[in-house]
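Residue-level structural notes
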Number of protein chains: 2
Amino acid sequence: MNQDFMQAAIKLSREKSWQGDGGPFGAVIVKDGKIIARGWNQVLRKNDPTCHAEMVAIRAASRKLKDYRLTGCAIYASCEPCPMCLSALYWAGVEHIYFAATRKDAAKLGFADDFLYQELQCEPEKRTLPIEQMMRPEAVEVFNQWEKLENKVIY
Amino acid sequence: MNQDFMQAAIKLSREKSWQGDGGPFGAVIVKDGKIIARGWNQVLRKNDPTCHAEMVAIRAASRKLKDYRLTGCAIYASCEPCPMCLSALYWAGVEHIYFAATRKDAAKLGFADDFLYQELQCEPEKRTLPIEQMMRPEAVEVFNQWEKLENKVIY
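Notes on the structure follow. (Residues numbered from 1 in each chain as written. Chains lettered and ligands numbered in written order. Predicted model: local features only at pLDDT ≥ 70, side-chain atom pairs only at ≥ 80, totals over all residues. Heavy atoms only, no water.)

Considering helix α3 (residues 83–92) of chain A
All names here are of chain A. Where we set the bar: Categorising residues by exposure relies on relative accessible area from a 1.4 Å probe, with only protein chains included: less than 20% of the type maximum marks a residue as buried, more than 50% marks it as exposed, and the intermediate range marks it as partly exposed. Secondary structure elements follow DSSP: runs of H or I of four or more residues count as helices, runs of E of two or more count as strands, with numbering from the N terminus.
Among the ten residues of α3, ten are classified as buried, and the element is accordingly described as predominantly covered. Residues P83, M84, C85, L86, S87, A88, L89, Y90, W91 and A92 constitute the buried set of α3. G93, located one to two residues past α3, shows a positive phi value of around 75°.

What to know about the pairing of strand β3 (residues 73–79) of chain A
Residues and elements named next belong to chain A. The line we're drawing: For two strands to be treated as a pair, DSSP must find at least two bridges joining them.
By the criterion of burial, β3 is predominantly enclosed, with seven of the seven residues buried. Both strand β1 (residues 26–31) and β3 contribute to a ladder of five bridges, which runs antiparallel. Within β3, the position partnered with V30 by the bridge is A74. Of the strand pairs in this sheet, β3 and strand β4 (residues 96–101) are connected by five bridges, and their pairing is parallel. Bridging from a neighbouring strand, Y76 pairs with Y98 of β4.

Remarks on the sheet that holds strand β4 (residues 96–101) of chain B
Basically, it comes down to this: An axis is simply a line fitted to the C-alpha atoms; with a helix, the fit covers only the stretch in contact. Between two such axes, the angle follows the N-to-C directions and lies from 0 to 180 degrees. Throughout, a contact is declared for two residues whenever any of their heavy atoms are within 4.5 Å.
With mixed pairing, the five strands of this open sheet are ordered in space as β5(A)-β4(B)-β3(B)-β1(B)-β2(B). Of all the strands in the sheet, just β5 (131–133) of chain A together with β2 (34–40) of chain B have a single pairing partner and so form its edges. Looking at each pair of strands side by side, their axes are set apart by 20° on average, direction ignored. Sheet topology note: the β5 of chain A/β4 of chain B ladder contains three bridges and is parallel. Bridge pairing in β4 of chain B links E132 of chain A to Y98 of chain B. Across the sheet, helix α6 (residues 136–147) of chain A lies against β5 of chain A together with β3 (73–79) and β4 of chain B, angled at about 55° from β4 of chain B, the strand it touches most.

With respect to the interface of chain A and chain B
Keep this limit in mind: Defined here as a combined quantity, buried area equals the accessible surface (1.4 Å probe) lost by two parts on assembly, summed across both. Should a side-chain nitrogen of Lys or Arg be within 4 Å of a carboxyl oxygen of Asp or Glu, the pair is scored as a salt bridge.
Contact residues are listed per partner, giving 90 residues for chain A and 90 residues for chain B. When the area that chain A buries against chain B is broken down by residue, the three leading residues are Y90, W91 and F143 of chain A, summing to 10%. Counting every contact that joins chain A to chain B gives four salt bridges. Across the pair R59 of chain A and D48 of chain B runs a salt bridge whose closest N-O atoms are separated by 2.7 Å.

Quick word on the relation of the copies chain A and chain B
For the record, the criterion: The copies were overlaid by least squares, fitting only the C-alpha atoms of residues that reach a pLDDT of 70 or more in each copy.
Laying chain A over chain B is done by rotating through 180° and shifting 0.0 Å along the axis; what remains is an RMSD of 0.0 Å. These values place the two chain copies in the arrangement generated by a two-fold rotation axis. Closest approach to the rotation axis within chain A is made by the C-alpha atom of M84 of chain A, at a distance of 2.0 Å. The fraction of interface residues of chain A whose copies in chain B are also interface residues reaches 100%, indicating that both copies meet through the same surface.

Some points on the packing of helix α3 (residues 53–65) of chain B against helix α4 (residues 83–92) of chain B
Residue and element names in this part refer to chain B. Rule in force here: Working rule for angles: under 35 degrees goes down as roughly parallel, over 145 as roughly antiparallel, 65 to 115 as roughly perpendicular, anything else as oblique. What makes a crossing left-handed is the near helix being turned counterclockwise from the far one by less than a right angle; a clockwise turn instead makes it right-handed.
Contact pair α3 / α4: the axes reach a minimum separation of 9 Å and the direction vectors enclose 20°. In terms of their interaxial angle, α3 and α4 are classed as roughly parallel. Crossing angle aside, the handedness with which α3 passes α4 is left-handed. Across the interface between the two elements, E54, M55 and I58 of α3 pack against M84, C85, A88, L89 and A92 of α4.

Structure below.
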């Protein structure tokens, strides 16, 4: 069963990248033993750097379930999720990740997944992407006011 | 000038969260001294766990520039980007990040940003979200075939 789901993800990785949608990455999301959403890399097709296979699958599953929490769901991804996709899977509350190829396999093709994991482990001042803080008090004041709202929702 | 951009991001964080779209987070993307895209958290409004302020802004900027690379762009975010958003900013090629509140400030409200940074620094087997490998050879075979395509694009 698991193998059928991963096979579906790998099939997407092959077919969609061959037609030029993006890199060779596919994913399916499974709930109660059924595939409820499919995703494949569409960075090129949609000119959208966030359209990794897992992200597309998460968004499709959320639309289907009408819920931003994918409770009871597992994802089968043809490659180890990059830090963007891994974090999105946490935010979505996906409960199990299965993957096939690794970040190192993706790096051999020229993709930055492995590099990104290294960057995120650096202290901010040692990263290659400069990051700078400013105006914290103004933003924290909004947080403080928001915290007092009665109808606020934390996700 | 910088302060005006951050003020715009903070304004979005206040106004949009008050109307119930999502958490109190806003962001703007700037190119050549002008705001080209705005984003705010819409996780609740859109039932989409990926709709953080920075992600919404990146996607809007990509649509505007018709490019998945946001060359020459900076982002002003009312809060330090979570690992999902930070990684997306790398994938997009954004060149400078400015932020106001910190991941710790967000944690005080109950958001998982700080926790997520900790999870990503763990070895996979020590994370709270189980992750498991299977069928690597089948996926790597697709990578190997893809690598031989003449028209492949690596981003």
